[in-house]
Amino acid sequence: MISFEFKNVDVPVLNFVKVEIWLNEVAANYQKHIGNLNYLFCDDEEILKVNRKFLHHDYYTDIITFDYSRRDRVGGDIFISLDTVKSNAEEINEPYLSELLRVIVHGLLHLCGIDDKGPGEREIMEANENKALELWNNNRGYEI
């Protein structure tokens with residue numbers, strides 16, 4: 001089950017039923033099933049609080065993923081700062097909703113076992129994000 005919650009932000013203009021179907025398809029591509037997966041969309045100040053409290057980091061970020069997966073069932077809490085997603089989209093000249101979908105799937109890909117911190121891992125993560133976004137574009141009948 002996937003839940004979407006919002007704290008201190010406006011709800012993005014996305015069809016969350018389609019997002020849920022897409023995320024299940026992405027997980028299946030990695031031989032995974034989605035268990036309890038909670039997305040919390042928030043502002044910069046909220047994600048900073050989470051970063052300080054749980055990770056002891058004193059900086060803003062676009063996403064924080066807490067992994068509660070077991071074997072082939074992925075689950076967790078994924079915090080996404082819509083403020084940072086928006087500023088990142090502007091910085092790289094990417095549409096906001098496209099960048100938001102990239103970040104949404106980025107958290108799921110972490111739960112599927114893909115890392116992005118080690119040597120060469122960022123490129124692997126980006127390739128998997130692109131593959132997932134291609135699946136979105138092909139199966140939804142429209143681009144972002």
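Conventions we followed
- Residues numbered from 1 in each chain as written.
- Predicted model: local features only at pLDDT ≥ 70, side-chain atom pairs only at ≥ 80, totals over all residues.
- Heavy atoms only, no water.
- Helix = DSSP H or I, 4+ residues; strand = E, 2+ residues; numbered from the N terminus.
- Buried < 20%, exposed > 50% of the residue type's maximum accessible area, 1.4 Å probe, protein only.
- Contact = heavy atoms within 4.5 Å.
- Areas by Shrake-Rupley, 256 points an atom, 1.4 Å probe, with all protein chains shown as cover.
- Axes fitted to C-alpha atoms, helices over the stretch in contact; angles between N-to-C directions.
- Parallel < 35°, antiparallel > 145°, perpendicular 65-115°, else oblique.
- Left-handed = near helix turned anticlockwise from the far one by under 90°.
- Nonpolar A, V, L, I, M, F, W, Y, C, P; charged D, E, K, R; others polar.
- Phe/Tyr/Trp six-rings, centres within 6.5 Å; stacked < 30°, edge-to-face > 60°.
- Pairing = 2+ DSSP bridges.

### Details of the overall build of the protein
For the protein, the helix and strand inventory stands at five helices and four strands. Seen in sequence order, the protein has helices and strands lined up from the N terminus as β-α-β-α-β-β-α-α-α. Summarising its shape, the C-alpha atoms of the protein cover approximately 35 × 35 × 30 Å along the three principal directions. Across the 144 residues of the protein, 47% fall into the buried class. When contacts within the protein are restricted to residue pairs at least 6 apart in sequence, long-range pairs at least 24 apart make up 62% of them. About 8,000 Å² of surface is accessible on the protein, with carbon and sulfur atoms providing 48% of the total.

### Regarding the packing of helix α3 (residues 82–91) against helix α4 (residues 96–111)
Between α3 and α4, the least distance of the axes is 9 Å, while the angle of their chain directions is 120°. Relative to α4, the element α3 lies oblique. Crossing handedness for the pair α3 and α4: right-handed. Touching L82, V85, K86, N88 and A89 of α3 are Y96, E99, L100 and V103, all from α4. Counted by class, the contact of α3 with α4 contains six nonpolar, one polar and two charged residues.

### Quick look at the packing of aromatic side chains
What characterises a pair of aromatic rings is the spacing of the ring centres plus the angle enclosed by the ring planes. Going through the model one piece at a time under the given rule, you end up with ten aromatic pairs. Aromatic pair W22 and W136: ring centres 5.2 Å apart, planes at 70°, arrangement edge-to-face. Of this pair, W22 sits in helix α1 (residues 16–29) while W136 is found in helix α5 (residues 121–140), placing the two residues 114 residues apart along the sequence. On the accessibility criterion, W22 (0% relative accessible area) is buried. Of the residues examined, W136 reaches a relative accessible area of 1% and is grouped as buried. Feature note: the residues F4, F6, F16, Y39 and F41 constitute an aromatic cluster, connected by ring pairs.

### Side note on the sheet that holds strand β1 (residues 2–6)
Read from one edge of the open sheet, four strands run β1-β2-β4-β3, paired in mixed fashion. This sheet does not close on itself; its edge strands, each paired only once, are β1 and β3 (63–67). Neighbouring strand axes in the sheet, compared pairwise and without regard to direction, differ in orientation by 15° on average. When strand β2 (residues 33–42) meets strand β4 (residues 73–81), the two strands line up parallel, connected through eight bridges. What sits directly across from F41, in β4, is I80. Running at roughly 45° to β3, helix α2 (residues 44–55) makes contact with β2, β3 and β4 of the sheet. Lying on the sheet, α4 is in contact with β2, β3 and β4; it crosses β4 at an angle near 145°.

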